Amino acid sequence: MSVGISPSISKQEFRWNLYVQNHILIHIIRHAEGLHNVSTIGINTRDPYLTTNGIRQCAELQKAFPYMDKLAWVAASPMKRTIQTAALTFAPYIGAGPGHPILLVADLHESGNYPCNMGSPISELSREFGRLIDFRAYVGQNWFVKGSDADLPRVLTQRGIRARTIIRNIIHLCDSDCHIAVVTHGNFIPYLTGDYSDAGVSRGTRFWRNTEWRSYQFVDETLQDPNAALRETDESLQRHGAAKSNYAGRDAIRGMAYINEAIVVVP
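Residues numbered from 1 in each chain as written. Predicted model: local features only at pLDDT ≥ 70, side-chain atom pairs only at ≥ 80, totals over all residues. Heavy atoms only, no water.

Trainee: In this structure, what is going on with helix α6 (residues 122-129)? I would like to understand it.
Mentor: Helical geometry note: an α-helix holds 3.6 residues per turn, so side chains three or four residues apart project in the same direction. For α6, every residue scored as buried is listed here: Ile122, Leu125 and Phe129. Seen end-on, α6 carries its buried residues on one side only, within an arc spanning 60°. Buried residues along α6 sit in contact with α4 (80-89) and β4 (133-134). Gly130 lies just past α6 and shows a positive phi near 50°. (Buried < 20%, exposed > 50% of the residue type's maximum accessible area, 1.4 Å probe, protein only. Helix = DSSP H or I, 4+ residues; strand = E, 2+ residues; numbered from the N terminus. Arc of directions from axis to C-beta. Contact = heavy atoms within 4.5 Å.)

Trainee: Honestly, the nonpolar core in this entry has me stumped. Any pointers?
Mentor: Grouped burial of nonpolar side chains is what soluble globular proteins tend to show. Grouped together as the largest cluster of nonpolar side chains are 30 residues, with contacts concentrated most on Ile26, Ile28, Leu108, Ile180, Val182, Leu192 and Phe218. In terms of residues, this core owes the most to one element, helix α7 (residues 153-171), which gives six residues. Setting aside its immediate chain neighbours within four residues, Leu108 contacts Ala75, Ala76, Ser77, Arg159, Ala163, Val182, Val183, Thr184, His185, Phe188 and Leu192. The next biggest cluster of nonpolar side chains, apart from the first, holds 29 residues, and it includes Ile29, Phe65, Ala106 and Ile122. (Core = buried A, V, L, I, M, F, W, Y, C linked by side-chain atoms within 4.5 Å.)

Trainee: What is the right way to look at the packing of helix α3 (residues 52-64) against α4 in this model?
Mentor: The relative placement of two packed helices comes down to the angle between their axes together with the axis-to-axis distance. In the contact formed by α3 and α4, the axes pass within 8 Å of each other and the chain directions differ by 40°. The angle between α3 and α4 falls in the class oblique. Classified by chirality, the crossing of α4 by α3 is right-handed. Residues Ile55, Cys58, Leu61 and Gln62 of α3 form the contact with α4, whose participating residues are Thr85, Leu88 and Thr89. Of the residues contributing to the contact of α3 with α4, the split by class is four nonpolar, three polar and no charged. (Axes fitted to C-alpha atoms, helices over the stretch in contact; angles between N-to-C directions. Parallel < 35°, antiparallel > 145°, perpendicular 65-115°, else oblique. Left-handed = near helix turned anticlockwise from the far one by under 90°. Nonpolar A, V, L, I, M, F, W, Y, C, P; charged D, E, K, R; others polar.)

Trainee: Please explain the pattern of salt bridges as it appears in this structure.
Mentor: Summed over all chains, the structure comprises eight salt bridges. Taking the shortest distance from any N to any O, the salt bridge between Lys80 and Glu124 comes out at 2.5 Å. One end of the pair, Lys80, is in helix α4; the other, Glu124, is in helix α6, with 44 residues separating them in the sequence. Taking the relative accessible area as the measure of exposure, Lys80 reaches 5% and is therefore buried. The salt bridge involving Glu212 is made with Arg214; its shortest N-O contact spans 2.9 Å. The pair formed by Glu212 and Arg214 is uniform in burial state, with each residue classed as buried. (Salt bridge = Lys/Arg side-chain N within 4 Å of Asp/Glu carboxyl O.)

Trainee: Help me understand the sheet that holds strand β5 (residues 178-184) in this model?
Mentor: Each strand in a sheet pairs with another by means of backbone hydrogen bonds, the pair being arranged parallel or else antiparallel. Judged by pairing direction, the sheet is mixed, and its seven strands sit side by side in the order β4-β3-β2-β5-β1-β6-β7 without closing on themselves. The open sheet terminates on both sides in strands that have one partner only, identified here as β4 and β7 (230-232). By the bridge criterion, three bridges tie strand β6 (residues 213-218) to β7 in an arrangement that is antiparallel. Within the sheet, the bridge partner assigned to Tyr216 lies in β7 and is Glu232. Seen against the sheet, α7 touches β1 (24-30), β2 (71-76), β3 (102-104), β5, β6 and β7 and runs at an angle of roughly 150° to β5. (Pairing = 2+ DSSP bridges.)

As structure tokens, then:
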């Protein structure tokens, strides 16, 4: 594929971008099993925790994840189940010398208006997770307050673009191989990845399994794409038996042309 150089960047910057792009992998992970995944009590609980089985799933993912020693950053939605998943799964990275705290990104939070999909104030998260988390850059004080239009597909699409742009900004802090783990939610994943190929006729989007993870790279090697579009890697596609990646940006992202406006939002 031929790549044009944007007039806004120099050839030196382009070479750096192309080098980094070839060494970037974004691993998107659905959180482990939460109480809301197994009971109506959990659905009606605000910002629920992981179940015992969810904690076990994190331990299994930690053993299976092959890029632990290559991680540059771990980002997560500022909801308790995603923070727990990130902290338990990536404990070897977070506890290592060069490891950073979990970078919380409000735009990664779950959609839907069930109590389980409502987040907690920063003060509460700080008391519970302390130095494990860093919310200073990408989480506002009232991040958990949702507007009446928060779950409209067009709003979620824009949130997906913002989240991808933040992830792309993070890679500029990398100076070599850059693997970034991103822990988020089942409802929001299609808007983050731009992959709607699992959309069903009546049930909306097919959820990834708890702790399922897939790997992506940015489509635009110049890292200038305003949509910060992603495409799934061949290795990742093979891992879950898919034939192709329906990546974000271009046709899929414009105007939500390929998304049913009445998509069902379930926990």
